[in-house]
Amino acid sequence: MDHNKLALPVGTTLDRFIMRKQEDFPYATGELSQLLRDIALAAKIVNREINRSGLIDIAGAYGNRNVQGEDQQKLDVIANIRFIRALRNGGEVCTIISEEDDDIIQTGNNQGKYVVAIDPLDGSSNIDVNVSIGTIFSIYRRISPTGREGGSADCLQPGTHQVAAGYVIYGSSTMLVYTTGNGVNGFTYEPSLGEFFLSHPNIQTPKTGTVYSINEGSSDSFSPGVVAFVQQCKTEKFSARYIGSLVADFHRNLLKGGIYIYPATAKTPGGKLRLMYECNPLAFIVEQAGGKSSNGQQRTLEIEPQTCHERCPLFIGSKELVEQAEALLAQEKKAPEAAA
Ligand SMILES: O=P(O)(O)OC[C@H]1O[C@](O)(COP(=O)(O)O)[C@@H](O)[C@@H]1O
Ligand SMILES: [Mg+2]
Ligand SMILES: [Mg+2]
């Protein structure tokens, strides 16, 4: 598909863009388009809550722990409620996997053809300090026939089965970036008009870059390959950039080039980030933009999920940088001392 043939001018509203691109999608019955609109609507509402979070009492912890053992922030819970409500009312989604809910959520829309995996609020540690945060979503077509609730087979599909994925970044401006497998496009929110407008058409990520993003606070338990790669970045005078909000670190590297790494560490032996609603959606986007994503060895999108909240290491960003990191990790396997 020649994306430029269907290039829509910057300034096109998200609604019009979705409508025009619908023909790109083999199942063009309008349901996926409506689902994307439902997500955009919830994002506008959550954006409003975030923008005024300092003024109203929604700062701080909610007082519960989620299935990850993390203290839920009030905005985690508010965003979760807003997205689930929008997906339930929209009618296109039968089942939801949410970071904030232990079990899969049945929406009651048994005719719904889609399953959504969502991280309602990403970067929770940055909520109260006015640093960019986000929402990450992944969309699958259900496998089981309609007319009943979606089950684990509908939910635990590999990332290659995604029909769409995206994120919202609530930063200096609010943007929605998504793919349906035909390139990646970014839309900037204009609050006074209440509309998302096409601002970043056909995003292509640079093949390489000079930025690396990793929490070096855990470097004492990095594997030799990761140590070697970080050292290589320093030797080559790369800039270290780590916001601590995956969406924000990913978005910067997507546009400017760079690599984000959350490896296995002593504290998080299987990695910290969740395959279904953090790694897979961003991996789909980065690949559509010409970049790469893996767990250090295996392509993220080909990992067969076993559980809804499983974690995996993440190496994502510019193709050449991810390949360099993978090469050093492979060396580590061959001759551990050589990689050190
Ligand atoms: O503080 P750490 O260990 O570096 O982890 C930061 C990472 O954890 C996350 O906050 C996890 O996401 P949630 O905030 O959605 O739980 C990522 O956004 C971020 O990149
Ligand atoms: Mg997250
Ligand atoms: Mg989260």
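Here the structure is a predicted model, which means the values were calculated and not measured.

Peer 1: Explain the packing of aromatic side chains residue by residue, including any values.
Peer 2: For the structure shown, the criterion picks out six aromatic pairs. Between Tyr189 and Phe196, the ring centres sit 5.0 Å apart and the planes meet at 45 degrees, which makes this aromatic pair tilted. Seen in terms of ring centroids, Tyr242 and Tyr260 are 6.2 Å apart; in terms of plane orientation they differ by 15 degrees. Their pairing is stacked. One end of the pair, Tyr242, is in the loop between strand E12 (239-240) and helix H6 (246-256); the other, Tyr260, is in strand E13 (residues 259-262), and 18 residues separate them in sequence. Taking the relative accessible area as the measure of exposure, Tyr260 reaches 3% and is therefore buried. Among the aromatic residues, ring-to-ring pairing joins Phe17, Tyr178 and Phe187 into one connected group.

Peer 1: Quick rundown of the UniProt feature "binding site: substrate" (unreviewed entry) in the protein chain? Include the residues and the values.
Peer 2: Under the UniProt annotation, the feature "binding site: substrate" (unreviewed entry) is placed at Asp122, Gly123, Ser124, Ser125, Asn215, Tyr242 and Lys272. Take Gly123: it is sitting in the loop between strand E5 (114-122) and strand E6 (133-141). Take Gly123: its relative accessible area is 9%, and that puts it in the buried class. Once you skip the residues sitting within four places of it in the chain, Gly123 turns out to touch Ile133, Gly244 and Ser245. Residues contacting Asn215, with those up to four places away along its chain left out, are Phe222 and Tyr242. Within the structure, the side chain of Asn215 is placed 2.8 Å from the backbone nitrogen of Gly217, a separation counted as a polar contact.

Peer 1: Could you give me a rundown of the state of the cysteines, with the residues and numbers involved?
Peer 2: Counted according to the given criterion, the structure contains zero disulfides. The closest cysteine sulfur to the non-disulfide-bonded Cys155 is located on Cys308, 5.2 Å from its own sulfur. Of all cysteine sulfurs, the one in Cys312 lies closest to Cys279, which takes part in no disulfide; the gap is 3.6 Å. Residue Cys279 is classed as buried on the basis of its relative accessible area of 0%.

Peer 1: Which residues make up the coordination of the magnesium ion (ligand 2), and what values do they have?
Peer 2: Asp119 (OD), Asp122 (OD) and Glu278 (OE) make up the full set of protein donors to the magnesium ion (ligand 2), lying at 1.9 to 2.1 Å. Taken in sequence order, the residues that donate to the magnesium ion (ligand 2) follow the motif D-x2-D-x155-E. A distance of 3.7 Å spans the gap from the magnesium ion (ligand 2) to the magnesium ion (ligand 3), which Asp119 bridges by coordinating each metal. You can see Asp122 sitting in strand E5 and its partner Glu278 sitting in helix H7 (residues 275-288), a full 156 residues away along the chain. One exposure class covers both Asp122 and Glu278, and it is buried.

Peer 1: Any details on the coordination of the magnesium ion (ligand 3)? Residues and values, ideally.
Peer 2: Distances from the magnesium ion (ligand 3) to its protein donors, Glu99 (OE), Asp119 (OD) and Leu121 (O), fall within 2.0 to 2.2 Å. Along the chain, the residues that donate to the magnesium ion (ligand 3) are spaced as E-x19-D-x1-L.

Peer 1: Account for the domain arrangement of the protein chain, naming residues and giving values.
Peer 2: Each assigned domain of the protein chain is listed with its residue range as follows: domain 1 (11-200) and domain 2 (211-339). Of note, the centres of domain 1 and domain 2, computed from C-alpha atoms alone, are 24 Å apart. Both sides together, the interface formed by domain 1 and domain 2 hides about 2,800 Å², and carbon and sulfur atoms give 65% of it. A salt bridge links Arg274 to Glu70; its shortest N-O distance comes to 3.4 Å. Our count for the contact surface shared by domain 1 and domain 2 stands at 15 residue pairs in polar contact (both at pLDDT 80 or more). Elements represented by at least two residues in the side of domain 1 that touches domain 2 include exactly strand E3 (93-98), E5, E6, strand E7 (162-170) and strand E8 (174-179). When its residues are assigned to classes, the side of domain 1 that touches domain 2 shows 22 nonpolar, 20 polar and six charged.

Peer 1: How would you explain the environment of Asn89 if you had to name every residue and give the values?
Peer 2: Note on placement: Asn89 falls in helix H3 (residues 74-90). The spatial distance from the C-alpha of Asn89 to the C-alpha of Gly108 is 9.8 Å, given a sequence separation of 19 residues.

Peer 1: I'd like a rundown of the environment of Glu236, residues and numbers included.
Peer 2: Residue position: Glu236 is located in the loop between helix H5 (224-235) and E12. Between the C-alpha atom of Glu236 and that of Thr210, which follows or precedes it by 26 residues, the distance is 8.2 Å.

Peer 1: Before we move on, can you summarise H7 with the specific residues and values?
Peer 2: Of all 14 residues in H7, 12 are buried; the element is thus mostly enclosed. All buried positions along H7 are accounted for by Leu275, Met276, Tyr277, Glu278, Cys279, Asn280, Pro281, Leu282, Ala283, Phe284, Ile285 and Val286. Downstream of H7 by a residue or two, Gly290 has a phi angle that is positive, lying close to 90 degrees.

Peer 1: Help me get a handle on the site of ligand 1, residues and values and all.
Peer 2: Around ligand 1 there are 17 residues in total, and Asp122, Asn215, Tyr242, Leu246 and Tyr262 lie nearest to it. At 2.9 Å, a side-chain N or O of Lys272 approaches an oxygen atom of ligand 1. Elements that contribute at least two residues to the shell around ligand 1 include exactly E5 and E13. The element that contributes the greatest number of residues to the shell around ligand 1 is E5, accounting for three residues. A per-class count over the shell around ligand 1 returns five nonpolar, five polar and seven charged. Among the domains, domain 1 (11-200) and domain 2 (211-339) are the pair contributing at least three residues each to the shell around ligand 1.

Cut-offs and rules
Residues numbered from 1 in each chain as written. Chains lettered and ligands numbered in written order. Predicted model: local features only at pLDDT ≥ 70, side-chain atom pairs only at ≥ 80, totals over all residues. Heavy atoms only, no water. Phe/Tyr/Trp six-rings, centres within 6.5 Å; stacked < 30°, edge-to-face > 60°. Helix = DSSP H or I, 4+ residues; strand = E, 2+ residues; numbered from the N terminus. Buried < 20%, exposed > 50% of the residue type's maximum accessible area, 1.4 Å probe, protein only. UniProt positions renumbered as here; feature names shortened; annotations may be inferred. Contact = heavy atoms within 4.5 Å. Polar contact = N/O pair within 3.5 Å; in protein donor to acceptor, adjacent residues only side chain to side chain. Disulfide = S-S within 2.5 Å. Donors = N, O, S within 2.8 Å, 3.2 Å for Na, K, Ca; no water. Domains from an automatic or database assignment. Buried area = accessible area lost by both parts, 1.4 Å probe. Salt bridge = Lys/Arg side-chain N within 4 Å of Asp/Glu carboxyl O. Nonpolar A, V, L, I, M, F, W, Y, C, P; charged D, E, K, R; others polar. Near = heavy atom within 4 Å.

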